[in-house]
Amino acid sequence: MFDTDKWQEIFGTIRQNKLRTILTALGVFWGVFMLIFLLGMGSGLESGVFKNFGYQMRNKMYVWGERTNKPYKGFPSGRRIQISLDDLAAIKREIPEVDMLGPRRRMNSTFVHYKDKSNNYDIRGEYPSMIEIEPLKVIEGRYLNDRDLNERRKVAVLGSKTSALFFGEESPIGKYVTIQGIAFKVIGVFGPIELKPWRIADTESIVIPLNTMCHAFGLDEIIDYMAISSNMDTRVSIAEEKVVALLKSRHQIHPDDPNGIGHENVEEEIDQVVNLFIGIKSFLWFVGIGTLLAGIVGVSNIMLIIVKERTKEIGIRKALGATPGSIVSMILTESVFITALAGYLGLLLGTFIIGGISYAMFTFEIETENFSNPQVNLAAGVGALVMLVIAGTIAGLIPAMQAANINPVEALKDE
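## A word on the overall build of the protein
No. 1: Secondary structure assignment for the protein yields 14 helices and ten strands.
No. 2: Projected onto its principal axes, the C-alpha coordinates of the protein cover approximately 110 × 60 × 30 Å.
No. 3: Within the protein, the proportion of its 415 residues that are buried is 47%.
No. 4: Restricting to contacts in the protein with at least 6 residues of sequence separation, those with at least 24 account for 78%.

## A closer look at unusual backbone geometry
No. 1: Despite not being glycine, S109 shows a phi value in the positive range, around 45 degrees.
No. 2: Even without glycine at this site, Q180 takes up a positive phi of about 50 degrees.
No. 3: Its place among the elements puts Q180 in the loop between β6 (176-179) and β7 (182-192).
No. 4: Judged by relative accessible area, which is 47%, Q180 ranks as partly exposed.

## Observations concerning the pattern of salt bridges
No. 1: For the structure on display, the rule yields 19 salt bridges.
No. 2: Each of K60, R104, R124, E126, E134, R199 and D202 takes part in a single network of salt bridges with overlapping partners.

## Comments concerning the confidence of the model for the protein
No. 1: For the protein, per-residue confidence averages 85 on the pLDDT scale, and residues scoring 70 or more make up 91% of the total.
No. 2: Strand β5 (residues 155-159) holds the highest mean pLDDT among the elements of the protein, 97, whereas helix α14 (residues 408-413) holds the lowest, 58.

## Quick look at the packing of helix α2 (residues 18-51) against helix α12 (residues 324-363)
No. 1: Running from N to C, α2 and α12 cross one another at 35 degrees; their axes reach a closest spacing of 7 Å. Judged by the sense of rotation from one axis to the other, the crossing of α2 with α12 is right-handed.

## Brief notes about the side chain of D148
No. 1: With respect to the element layout, D148 can be found in helix α5 (residues 146-150).
No. 2: Its relative accessible area of 0% is what places D148 among the buried residues.

## Considerations on the side chain of R79
No. 1: Here R79 lies in the loop between β1 (60-65) and α3 (85-94).
No. 2: The side chain of R79 sits in the buried core without any salt bridge; D257 is the nearest counter-charge, 6.8 Å away.
No. 3: There is a polar contact of 3.2 Å between the side chain of R79 and the backbone oxygen of H251.
No. 4: Within the local environment of R79, its side chain forms a polar contact with the backbone oxygen of Q252, the two atoms lying 2.6 Å apart.
No. 5: Excluding residues within four positions of it along the chain, R79 makes contact with E66, R67, T68, H251, Q252 and I253.

## Quick word on the nonpolar core
No. 1: V63, I91, M226, I228, V243 and L247 are the most contacted members of the largest nonpolar core, which totals 25 residues.
No. 2: Going through the elements one at a time, β1, α3, β2 (98-114), α8 (210-216), β9 (225-230) and α9 (236-250) are the ones with two or more residues in this core.
No. 3: The dominant element in this core, judged by the number of residues it contributes, is α9, at six residues.
No. 4: Every residue in contact with V63, bar those within four places of it in the chain, is listed here: I83, Y225, M226, I228, V243, L247, I261, G262 and H263.

## Some details on the packing of α3 against α9
No. 1: One way to put it is that α3 packs onto α9 with a least axis distance of 11 Å and a crossing angle of 130 degrees. The orientation of α3 with respect to α9, classified from their angle, is oblique. The way α3 lies across α9 gives a crossing that is right-handed. Between α3 and α9, the contacting residues are D86, D87, A90, I91 and E94 on the first element and V243, L246, L247 and R250 on the second.
No. 2: Looking at the contact of α3 with α9 residue by residue, the class counts come to five nonpolar, no polar and four charged.

## Some details on the pairing of β5
No. 1: Most of β5 sits inside the fold, with five of its five residues counted as buried.
No. 2: With five bridges joining them, β5 and β7 adopt parallel strand pairing. Looking at β7, one finds that G159 is bridged to F190.
No. 3: Bridge count for β5 against strand β8 (residues 205-209) is two bridges, and the pairing is antiparallel. By the bridge assignment for β8, V157 is matched with V207.

Rules used throughout
Residues numbered from 1 in each chain as written. Predicted model: local features only at pLDDT ≥ 70, side-chain atom pairs only at ≥ 80, totals over all residues. Heavy atoms only, no water. Helix = DSSP H or I, 4+ residues; strand = E, 2+ residues; numbered from the N terminus. Buried < 20%, exposed > 50% of the residue type's maximum accessible area, 1.4 Å probe, protein only. Contact = heavy atoms within 4.5 Å. Salt bridge = Lys/Arg side-chain N within 4 Å of Asp/Glu carboxyl O. pLDDT = per-residue confidence, 0-100. Axes fitted to C-alpha atoms, helices over the stretch in contact; angles between N-to-C directions. Left-handed = near helix turned anticlockwise from the far one by under 90°. Lys, Arg positive; Asp, Glu negative; His and termini not counted. Polar contact = N/O pair within 3.5 Å; in protein donor to acceptor, adjacent residues only side chain to side chain. Core = buried A, V, L, I, M, F, W, Y, C linked by side-chain atoms within 4.5 Å. Parallel < 35°, antiparallel > 145°, perpendicular 65-115°, else oblique. Nonpolar A, V, L, I, M, F, W, Y, C, P; charged D, E, K, R; others polar. Pairing = 2+ DSSP bridges.

Printed below as a string of structure tokens:
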């Protein structure tokens, strides 16, 4: 492999046929470049699509009450089902697959004021667990905790826009806002982790403990909906099925009624996207490898031509005692060298372009809806390098075997 004379011969052959060698290497170069480029752009598309999910938990579902569609046990169809806090306790008690429960009740367009400023806001009654289930973050202060809930404290967490309207640049922590005549102490400011159009309502709301809402405003313990997360080792669809079945049983809803208990989860949607990108990646690998194979065939054909041109030379080598192994090694080395060099340059250029696109998007804060952070997967790069070595060996194998089988006597007669 490191025989000086052998490498001198290889470089001498390349120098004598520069154009042919460049055109041959171009096929391999383009194949590897296209493979890396397509995979990099595919990863950017995948990142962009998954970014649109925000920071959604894969093991999260939503459950709410709605009107029934079938009569059952003497109850007519069209009943309005309302989920209560007792239902939450039953879920937590009877379904071990459930991890966290985040109920929410809303008081829409509720009058709120602070000093001389006032406006109507949506008031949300929640449990502290909601911020762990929903893609929300604390910007200042803190969120609700269990003591706030259990002791029915009159505390409030403001959405970021609500806080800005009432307090501007001033910190709202420790101050009091009045909600329908009842003073609530501000303990924090919150907002979405990533601002999406459907999360703007989070910035314009006020959150108070659910128990406090029911007690202070004389409401029954009914909720609008609840967010539920399953244990990490349990598919949310399994927990969802059990939760729905339990609620239907508790509210006397026909087991086959498609309505009554509304529910949805992001698992199925995410799985569909994952499967879609598995298909896209498979197609990109197919196209890239197909292009690479075309280049390999070109290398193999050129090596056959080289063997044909050097038939007499090979015959002389064999007559002087060169072994078939040394002949095979010479042809394979040249094939692997051309393939590996061209492929490495293609890999380098593809990685450079993808990295440049990613850097430009980050530096200039370029944001697109369905494309983000393209990158070359390390496994894909290593796989491409391994493919280059294998490809070079395959490309030179047939010509090398043909050269090794040349008869010295017939080769010396070759014109």
